[in-house]
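Structural characterization, general
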Amino acid sequence: MLRRVIGLLIVAGIAWGGLAAVYLLGIEPKLGLDLQGGTSVVLTAPDDTDPDVMEYAVEIMRSRIEDVGGVQEPEISISGGTTVLVQLPGVQNEQQALDAIGRTGRLSFRPVLESTPGLEGPLVTTTTIAQSEGDEPAAEEATTTSTAPVTATTLPDVPEGVDPITGLTVSDDPDTIAYLPNFSLFGMEVLTVGPAAMTGSDVSQALPGFNSVSAQWVVNLSLTSEGGDLFAELTGQAAGYPIGDPRRQIAIVLDGQIIASPQVAEDVAAGVGITGGDAIITLGADPAAEDQAQNLAVILRYGSLPVAFERSQVEKVSATLGSDSLQIGLISGIAGLVLVAVVLLLYYRALGLVAVLGIAVFGSLLIAIYALLGHYQGVTLTLAGVTGIIVAVGITADSYIVYFERIKDELRAGRTVPSAAAQGFRTAFRTILTADTVSILGATLLWLLTVGAVRGFALSLGIATVLDIFVARTFTRRAAWVLAHSPLGRKGWFSMPAAAGESR
């Protein structure tokens, strides 16, 4: 008896103590765009874009947004064949996510032909690109001279067709020479870059990391077999120029903007270049270098899409409607649960009390899990997810009804109250487990085969169904056993035999 009571208290303590802990720590479930507001972006592709190309582009875009913007559940849908609707609920860095959406054009690697500096003294930067450590040791960090802070009035003369403020290129065609601004933390220069020697399709992987030997943040770049040959040729040509010469730099260009322009390391041989298909881009050891490494790796992995999108609309979505809907939904849900609790208590009497406490444990665990998932994984709770939870609460209520009806059947068959509670659970749990397994399989298939809001429904349904099995096994069984051995469950109008229509 004591062991079962202790087990019951441990499960209740985990549920209610966990809920209290996340509340005291200020951790709350993250709400989706339809509940908390956010940013909605409409992107338009050319009219003749193939549907398969659109699907591929959207999948890459989704990965980029999740990596860059901290959005675990971005809602991205194709509408009208060539229009993409992107909804970003509760982004950690909204501008960064918007930049990730906007950068959907062609990623290219170009040789730097010339650097036109500003008028105010030198600026030292420390970005280099070297042979991967797996092939040959990377060189010590080298420096390259850029420019000091400049304004539009100090920019050099540029050819007709180039905006002197934004540095828009004469043409972003990868087969032509372009004039691009090169921004840094402190200033800007205009680089003249040659035709693209490589594109984003030549990159197979790019991962950020920390080099413990040099104590600097890096991006480990892996290329395809063809990309490795092109990269060796490109870096071999750049290595023919002395350290500090801008022509030793490789410009990584996305949508007409230089994302990075690392200098080829000092130990790379001219005419040979960086071989083997692997390279290391070293970004430095300052506090901003970690974010720079993360962002550059994401761009190199997902920067090149098969279609160029135009950002046709960006708008802020008010959370007022979502908050009102959530408040009304909470009030309705609480009222519904109170009504269900009253019916259960009237119909099943003492067993109804077990159901009420079990649903309270179930709800506490679910809220705590969603709060932790939102805090550590960025999972958002949308209206679709709330729908999945409501369905799962119905499944949980059905589990109690199945169990209680089995207890009543066992009592009518002449078993004692403790025996009916034990045998009733053994037979009912098989039914509960079978029904919940079907729900879990359905939720898994929905998660794997769908996107957007439907995945939110699948996630909440799956989590809640697993919790139903856990609560039934660890809490409900013990609670019914304790009740069956107490006077409250065995005698009187509120007892288990009275609920079964038995006088004893």
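For every chain, the first residue of the written sequence is number 1, and numbering continues from 1 onward in sequence order. Local features in this predicted model are restricted to residues of pLDDT 70 or higher, and side-chain atom pairs are both shown and tallied only at a pLDDT of 80 or more, whereas totals for entire chains, interfaces and linings draw on every residue. The basis for every side-chain value is the complete set of non-hydrogen atoms in the structure, without hydrogens or water.

Digging into the overall build of the protein
In terms of regular secondary structure, the protein is built from 13 helices and 19 strands. Out of the 504 residues belonging to the protein, those deemed buried represent 46%. Counting only contacts in the protein whose residues sit at least 6 apart along the sequence, the fraction spanning at least 24 positions is 73%. In the form shown here, the protein has an accessible surface area of approximately 23600 Å², with 60% of it arising from carbon and sulfur atoms. Labels follow the DSSP assignment, with helices taken as runs of H or I lasting at least four residues and strands as runs of E lasting at least two, numbered in each case from the N terminus. Any residue under 20% of the maximum accessible area for its type is buried, any over 50% is exposed, and the rest in between are partly exposed; the area is computed with a 1.4 Å probe on protein chains only. Whether two residues are in contact is decided by their heavy atoms, any of which lying within 4.5 Å being enough. Throughout, the Shrake-Rupley method with a 1.4 Å probe supplies accessible areas, and for residues the shown protein chains are the sole cover considered.

Some remarks on the environment of arginine 406
Note on placement: arginine 406 falls in helix H9 (residues 383-412). Exposure remark for arginine 406: the relative accessible area of 28% places this residue in the partly exposed category. A C-alpha to C-alpha distance of 8.3 Å links arginine 406 and glutamine 423, two positions 17 residues apart in sequence. Beyond its immediate chain neighbours, meaning those up to four positions away, arginine 406 contacts Gly424, Thr427 and Ala428.

Looking at the pairing of strand E2 (residues 38-44)
Burial analysis of E2 places six of its seven residues in the buried class, the great majority of the element. DSSP-based pairing: two strands are paired if at least 2 bridges between them are found. Direction of pairing for E2 relative to strand E4 (residues 83-89): antiparallel, over a ladder of seven bridges. Within the sheet, the bridge partner assigned to valine 42 lies in E4 and is leucine 85.

What to know about the side chain of threonine 474
Here threonine 474 lies in helix H11 (residues 453-484). At a separation of 2.7 Å, a polar atom in the side chain of threonine 474 contacts the main-chain carbonyl oxygen of phenylalanine 470. Counted as a polar contact is a pair of N or O atoms within 3.5 Å, where, for protein atoms, one must be capable of donating a hydrogen and the other of accepting one, and residues adjacent in sequence contribute only when both atoms are in side chains.

Digging into the sheet that holds strand E12 (residues 203-211)
Pairing in this open sheet of five strands is mixed, and the strands run E12-E13-E17-E7-E16 from one edge to the other. Of all strands in the sheet, those bounded by a partner on one side alone are E12 and strand E16 (263-264). Pairing analysis gives eight bridges linking E12 to strand E13 (residues 216-223), with the strands arranged antiparallel. Bridge pairing links glycine 209 to valine 218 in E13.

Comments concerning the packing of aromatic side chains
Any Phe, Tyr or Trp ring, taking Trp's six-membered ring, that has another such ring centre within 6.5 Å forms a pair; planes under 30 degrees apart are called stacked, those over 60 apart edge-to-face, and the others tilted. In this structure the tally under the stated criterion is eight aromatic pairs. Seen from their ring centres, tyrosine 403 and phenylalanine 404 are 5.9 Å apart, and the 35° between their planes marks the pair as tilted. An identical accessibility class is assigned to tyrosine 403 and phenylalanine 404; each is buried. When the centroid spacing of 5.3 Å and the interplanar angle of 25° are considered together, the rings of phenylalanine 425 and phenylalanine 429 count as stacked. With phenylalanine 425 and phenylalanine 429 both in helix H10 (residues 417-449) and four residues apart, the pair spans about one turn of that helix. Taken together, the aromatic side chains of Tyr347, Tyr348, Tyr400, Tyr403, Phe404, Phe425 and Phe429 make up a single cluster linked through ring pairs. In this structure, arginine 4 packs its charged tip against the face of tryptophan 481, placed 4.6 Å from the ring centre. The criterion is that NZ of a Lys, or CZ of an Arg, lies within 6 Å of the ring centre and within 35 degrees of the ring normal, and then a charge sits over that ring.

Section: the confidence of the model for the protein
pLDDT runs from 0 to 100 and stands for how confident the predictor is about each residue. Of the residues in the protein, 76% have a pLDDT of 70 or more, and the chain-wide mean is 78. Below a pLDDT of 50 lies the segment residues 118-125, which in the model reaches 26 contacts outside its immediate sequence neighbourhood of four places, other chains included. In the model, residues 183-187 has pLDDT below 50 throughout and makes ten contacts with residues more than four positions away in sequence or in other chains.

Quick notes on a nonpolar patch on the surface
For patch detection, residues must exceed 30% relative accessible area and be free of salt bridges, and they are connected within 9 Å for like charges or within 5 Å for nonpolar side chains (Val, Leu, Ile, Met, Phe, Trp, Tyr). Salt bridges are identified by distance alone: a Lys or Arg side-chain nitrogen within 4 Å of an Asp or Glu carboxyl oxygen. Together, Leu330, Ile334, Val338, Val342, Leu346 and Trp493 give the surface a local cluster of nonpolar side chains, amounting to about 630 Å² of exposed area. Examined against the element boundaries, valine 342 turns out to sit in helix H7 (residues 320-348).

Re the pattern of salt bridges
A complete count under the given rule lists six salt bridges for this structure. Between lysine 408 and glutamate 405 there is a salt bridge whose closest N-O contact spans 3.5 Å. You can see lysine 408 and its partner glutamate 405 sitting in helix H9, three residues apart, about one turn around the helix. The exposure class of glutamate 405 is partly exposed, given its relative accessible area of 25%. Its salt-bridge partner being arginine 412, residue aspartate 409 comes within 3.5 Å of it at the nearest N-O pair. With aspartate 409 and arginine 412 both in helix H9 and three residues apart, this pair spans about one turn of that helix. Residue arginine 412 is classed as partly exposed on the basis of its relative accessible area of 44%.

Side note on the packing of helix H1 (residues 2-24) against helix H8 (residues 350-377)
Relative orientation and spacing of two packed helices are given, respectively, by the angle between their axes and the distance between those axes. Every angle, taken between N-to-C directions, lies between 0 and 180 degrees, and every axis is a line fitted to C-alpha atoms, over only the stretch in contact when it is a helix. Between H1 and H8, the least distance of the axes is 8 Å, while the angle of their chain directions is 40°. Relative to H8, the element H1 is oriented oblique. Along this stretch, H1 crosses H8, giving a crossing that reads as left-handed. Where H1 abuts H8, its residues Val11, Ile14, Ala15, Trp16, Gly18, Leu19 and Val22 lie against Leu357, Ala360, Val361, Ser364, Leu365, Ile367, Ala368, Ala371 and Leu372. Of the residues assigned to the contact of H1 with H8, the class counts are 14 nonpolar, two polar and no charged. Here is the rule for angles: anything less than 35 degrees is roughly parallel, anything more than 145 is roughly antiparallel, 65 through 115 is roughly perpendicular, and the remaining ranges are oblique. By convention the crossing between two helices is left-handed if the near helix lies anticlockwise of the far one by an angle smaller than a right angle, and right-handed if it lies clockwise. Asp, Glu, Lys and Arg are counted as charged, while Ala, Val, Leu, Ile, Met, Phe, Trp, Tyr, Cys and Pro are counted as nonpolar; the rest, among them Gly, fall into the polar class.

Re H10
For an α-helix, the turn length of 3.6 residues means that residues three or four places apart are oriented alike. Compared with an ideal rise of 1.5 Å per residue, which puts 33 residues at 48 Å, H10 spans 47 Å between its outermost C-alpha atoms and is within 8% of the ideal. The largest bend along H10 reaches roughly 30° and is located at alanine 428. To estimate the expected span of a helix, count its residues, drop one, and scale the result by 1.5 Å. Axes are fitted to the seven residues ending at a residue and to the seven starting at it; the angle between these axes is taken as the bend at that residue.

Digging into the packing of H8 against H9
Put simply, H8 and H9 touch, their axes get as near as 11 Å, and they point 150° apart. With respect to their mutual orientation, H8 and H9 come out roughly antiparallel. Helix-helix and strand crossings are classified by hand; for H8 and H9 the assignment is right-handed. Every residue of H9 that contacts H8 at Leu351, Gly352, Val354, Ala355, Gly358, Ile359, Phe362, Leu366 and Tyr370 is listed here: Ile389, Val393, Thr396, Tyr400, Phe404 and Ile407. For the contact of H8 with H9, the residue count by class is twelve nonpolar, three polar and no charged.

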